[in-house]
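Tertiary structure, described
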Amino acid sequence: MISLPLTTPILPSRCLLHQTRRPNSTRRRFWIRSSSSLHEHVTAKKTKRVVLVRHGQSTWNEEGRIQGSSDFSVLTKKGESQAEISRQMLIDDSFDVCFTSPLKRSKKTAEIIWGSRESEMIFNYELREIDLYSFQGLLKKEGKEKFGEAFKQWLEDPANFIIDGHYPVRELWSRARSCWPGILAHESKSVLVVAHNAVNQALVATAIGLGTEYFRSLLQSNCGVSVLDFTPSADGGSPHVCLNRLNQTPNSPLAGGSSGGRKASKQVILVCHGQGNNEDSAATNDQSMNMLGVIQSQKTAELILDLRVSSIVCSPGTASIETAGVISRVQEAASCLGVDSVPRHVKTKQMNELDIEGVLRKSNQARLLILMQLIVK
C-alpha cells in the first residue's frame with residue numbers, strides 16, 4: 001500500500017488528473033483507472049463539480065477522542081474559524097446545492113460555509129463519519145489499553161479491522177458508493193459536500209476506483225477541500241473523473257502531513273506545466289510554453305524553493321520537460337547559496353505512464369518527489 005498522508009497539488013494552469021478514453025491518436029497522457037468502483041448504473045447527465053469539505057476542529061478532535069459516527073462533539077472556536085476561512089476560500093464558487101452530514105460538527109461547518117446562499121441544504125445520514133462501534137468515545141490511549149490487538153489492527157490494517165462483528169472500513173466504502181447516485185443525479189452543476197475525514201476519503205477513493213487499502217492514504221484535514229470533476233461518458237456509462245484538488249487547506253500547500261499518528265516518509269507534489277503556446281498545446285502537452293507559462297513555472301519553482309527536491313518525474317511532452325528544467329535549475333542554484341553549500345544535481349526522469357509505487361520504491365528515502373505528469377483536458 002502506498003502511504004501518502006498528504007499529496008499536495010500545485011496548479012499553475014489546469015487540472016491534475018484527467019481520466020478519459022484513450023483516443024486513436026498517438027498523443028500520450030497520464031491515464032488512471034476508470035471509476036469502476038461506482039455502481040454500473042451511476043451516470044452523470046452533464047458535467048458536474050463536487051467539492052468535498054471536512055468539518056472544522058471539534059471538541060473531541062481537540063481531546064484526542066475517537067469520534068466515529070457519534071454526535072456528542074461540537075466545533076471548537078478554532079473549528080468555527082477554520083470553517084469561516086473555508087467559506088472565504090469558496091465564496092466565489094456558485095454552488096447549486098449542499099449535501100451535508102447531519103452530525104453537529106459537520107452541520108455547523110456547512111451552515112458557516114453556506115452562509116447566506118438561498119439554495120437548498122440536504123442532510124444525508126449516509127454522509128456520517130465511519131461507524132466505529134465500541135471504539136467511539138474512547139481516548140486513543142484507552143482504546144489501546146481496552147482493545148489491545150483490535151486497536152493495533154485498526155492502526156496497522158484498517159481494511160481488515162473488525163469490531164463488534166463489523167468491518168467498519170468495508171462498510172464505509174459501501175456507504176460512500178451508495179452516496180454517489182444521489183449526488184450525481186441532482187440537477188446541479190456545482191455541489192458542495194460537507195462531511196468527515198474518513199467518509200470524504202471513501203468518497204474520493206470510490207470515485208476514482210481505489211479500494212479500502214487506501215484508507216488513511218487520502219487524508220482530509222479539518223476544513224480541507226478536495227474537488228472532483230465528473231464528465232458524462234459518451235456511451236452513457238460511468239462518468240469520467242478528474243481529481244482536481246486533494247486536501248487543500250488554508251495552511252501552506254507544502255506542509256508535511258500525518259495520518260493515524262504516522263508521519264509521511266515521502267512527500268509527493270503534483271505539478272501542472274505552464275501554459276502552452278496555444279489552446280491545442282494545453283491539451284496535447286507537445287508544444288513549448290508561452291511567456292505566461294514560463295512565469296507560472298518560475299512561480300512554482302519559487303514556491304518550493306525552501307524544500308530540497310531529490311528527484312523529478314515528468315512526461316516526455318515539451319511543456320513538461322521545460323517546467324521540470326526550470327524547477328531543477330532553481331533547486332540546484334539554491335543549493336549553492338551559503339559558504340558551506342555544495343552544488344548538487346537534481347535527477348530528472350521522463351515517463352510515458354506514471355507508476356507511483358515503482359517510483360517510490362526506487363526513490364529510497366527521498367524527502368521530496370516532484371511528479372510533473374502534467375495532464376489537462
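Definitions and limits used
- Residues numbered from 1 in each chain as written.
- Predicted model: local features only at pLDDT ≥ 70, side-chain atom pairs only at ≥ 80, totals over all residues.
- Heavy atoms only, no water.
- Helix = DSSP H or I, 4+ residues; strand = E, 2+ residues; numbered from the N terminus.
- Buried < 20%, exposed > 50% of the residue type's maximum accessible area, 1.4 Å probe, protein only.
- Contact = heavy atoms within 4.5 Å.
- Areas by Shrake-Rupley, 256 points an atom, 1.4 Å probe, with all protein chains shown as cover.
- Pairing = 2+ DSSP bridges.
- Axes fitted to C-alpha atoms, helices over the stretch in contact; angles between N-to-C directions.
- Left-handed = near helix turned anticlockwise from the far one by under 90°.
- UniProt positions renumbered as here; feature names shortened; annotations may be inferred.
- Polar contact = N/O pair within 3.5 Å; in protein donor to acceptor, adjacent residues only side chain to side chain.
- Core = buried A, V, L, I, M, F, W, Y, C linked by side-chain atoms within 4.5 Å.
- Salt bridge = Lys/Arg side-chain N within 4 Å of Asp/Glu carboxyl O.

1. Considering the overall build of the protein
Along the protein, the regular secondary structure elements total 11 helices and 13 strands. Every one of the 377 residues in the protein was classed for burial, and the buried ones make up 52%. Of all intrachain contacts in the protein linking residues separated by at least 6 positions in sequence, the fraction that spans at least 24 positions is 73%. Carbon and sulfur atoms provide 49% of the accessible area of the protein, an area that totals close to 17,400 Å².

2. Let's talk about the sheet that holds strand β5 (residues 190-195)
An order of β4-β3-β5-β2-β6-β7 is seen for the six strands of this open sheet, with the pairing classed as mixed. The open sheet has two edge strands with one neighbour each: β4 (121-123) and β7 (240-248). Neighbour to neighbour, the strand axes of the sheet diverge by 20° on average, direction disregarded. Here six bridges tie strand β2 (residues 48-54) to strand β6 (residues 225-231), and the two strands are oriented antiparallel to one another. Residue pairing across strands places V50 opposite L228, the latter belonging to β6. Across the sheet, helix α6 (residues 168-185) touches β2, β3 (97-100), β5 and β6, and the angle it forms with β2 is around 130°.

3. Here we look at the packing of helix α9 (residues 291-303) against helix α10 (residues 318-335)
Axis separation between α9 and α10 bottoms out at 9 Å; the angle between their running directions is 40°. Handedness of the crossing formed by α9 with α10: right-handed. Facing α9, whose interface residues are S297, Q298, T300 and A301, α10 presents T323, V326, I327 and V330.

4. A few points about the UniProt feature "binding site: substrate" (unreviewed entry) in the protein
This chain's UniProt record puts "binding site: substrate" (unreviewed entry) on R54, H55, G56, Q57, S58, T59, W60, N61, R105 and K140. Structurally, the position occupied by Q57 is in the loop between β2 and α1 (59-63). On the accessibility criterion, Q57 (13% relative accessible area) is buried. Beyond its immediate stretch of four places on either side in the chain, Q57 contacts E62, V74, L75, T76, K78, G79, Q82 and N222. Among the polar contacts made by the side chain of Q57, one reaches the side chain of T76 at a distance of 2.7 Å.

5. Some details on the environment of T59
Tracing the backbone through its elements, the reader meets T59 in helix α1. Sequence separation between T59 and R105 is 46 residues; the distance between their C-alpha atoms is 9.0 Å. Setting aside chain neighbours within four positions, we find T59 in contact with S73, V74 and T76.

6. Considering the nonpolar core
Ranked by internal contacts, the top residues of the largest apolar core, which has 41 residues, are W154, W180, V193 and L228. Not counting chain neighbours up to four residues away, the residues in contact with L228 comprise K48, R49, V50, L52, W180, L203, V204, A207, I208, V241, C242 and L243.

7. Considering the pattern of salt bridges
Pairing of side chains with opposite charge becomes possible as their charged atoms draw close. Following the criterion strictly, the structure yields nine salt bridges and no others. Across the pair E187 and K46 runs a salt bridge, and its minimum N-O distance is 3.7 Å. Here E187 is found in the loop between α6 and β5, whereas its partner K46 is found in the loop between β1 (7-10) and β2, with 141 residues between them in sequence. Residue E187 is classed as exposed on the basis of its relative accessible area, which comes to 59%. Here E63 and R65 are joined by a salt bridge, their closest N and O atoms 2.9 Å apart. Here the residues in one salt-bridge network are E126, R128, D131 and R175, joined through shared partners.

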